[in-house]
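Structural characterization, general
Each chain, written out:
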Amino acid sequence: MDKHPSYGVLSEYLSKYPQVAGALFQTYNDLKLAQQWTDLEVIEVPGCSRCALRGRRPNTEDLFSVVPCSLSESLSTEWIRTTFQELGGPPHVYLAINTEDSSIVYYKISPGIVKPPL
């Protein structure tokens, strides 16, 4: 991992949050290299013991926040509430759920309760 080009950007955070280092590394590289996000930055979310990523999708001006996590983690509504607060209250946050086979599924989470369509 330390030979990868993105390691320099992430090394400080990988050692600070080792329990989510794999998810952070995978998500950063997926957004940067595969999805070609721009202005990608790492943001610490100490209340959730991890980092988030913020950047722009191709051809957009809006900033999007992504929180990497593992499929094996248990997340609570309090954890999600803390994430929104520490990221400055964005309209939504994407959870990047990483699996052991390197797959990533992105879930869009919005604050509050939203009634599903009928």
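Use the structure listed above.
These remarks concern the structure in this document.

Cut-offs applied
- Residues numbered from 1 in each chain as written.
- Predicted model: local features only at pLDDT ≥ 70, side-chain atom pairs only at ≥ 80, totals over all residues.
- Heavy atoms only, no water.
- Helix = DSSP H or I, 4+ residues; strand = E, 2+ residues; numbered from the N terminus.
- Rg over C-alpha atoms; globule rule 2.2 N^0.38 Å.
- Buried < 20%, exposed > 50% of the residue type's maximum accessible area, 1.4 Å probe, protein only.
- Contact = heavy atoms within 4.5 Å.
- Areas by Shrake-Rupley, 256 points an atom, 1.4 Å probe, with all protein chains shown as cover.
- Lys, Arg positive; Asp, Glu negative; His and termini not counted.
- Charge placed at Lys NZ, Arg CZ, Asp CG, Glu CD.
- Phe/Tyr/Trp six-rings, centres within 6.5 Å; stacked < 30°, edge-to-face > 60°.
- Lys NZ or Arg CZ within 6 Å of the ring centre and 35° of its normal.

**Side note on the overall build of the chain**
Helix and strand counts for the chain come out as three helices and five strands. Written out in order from the N terminus, the α and β elements of the chain read α-α-β-β-β-α-β-β. For the chain, whose C-alpha radius of gyration is 14 Å, the value lies close to the compact-globule estimate of 13 Å for 118 residues. When its C-alpha atoms are laid out on the principal axes, the chain stretches across 50 × 35 × 30 Å. By residue count, 39% of the 118 residues in the chain fall in the buried class. Counting only contacts in the chain whose residues sit at least 6 apart along the sequence, the fraction spanning at least 24 positions is 44%. Split by element, the accessible area of the chain, about 7,200 Å² in all, is 53% carbon and sulfur. One way to put it: in the chain the 10 positive side-chain charges average out to a point 5 Å from where the 13 negative ones average out.

**Here's the deal with the packing of aromatic side chains**
Any two aromatic rings considered together are summarised by their centre-to-centre distance and by the angle between their planes. Here the structure, examined in full by the defined rule, presents two aromatic pairs. A centroid spacing of 6.1 Å and a plane angle of 50° characterise the contact between W37 and F64, whose relative ring orientation is tilted. Of this pair, W37 sits in the loop between α2 (21-34) and β1 (38-45) while F64 is found in strand β3 (residues 64-70), placing the two residues 27 residues apart along the sequence. Each member of the aromatic cluster is reached from another via a ring pair, and the members are W37, F64 and Y94. Directly above the aromatic system of F64 lies the positively charged group of R57, at a separation of 4.5 Å from the ring centroid.

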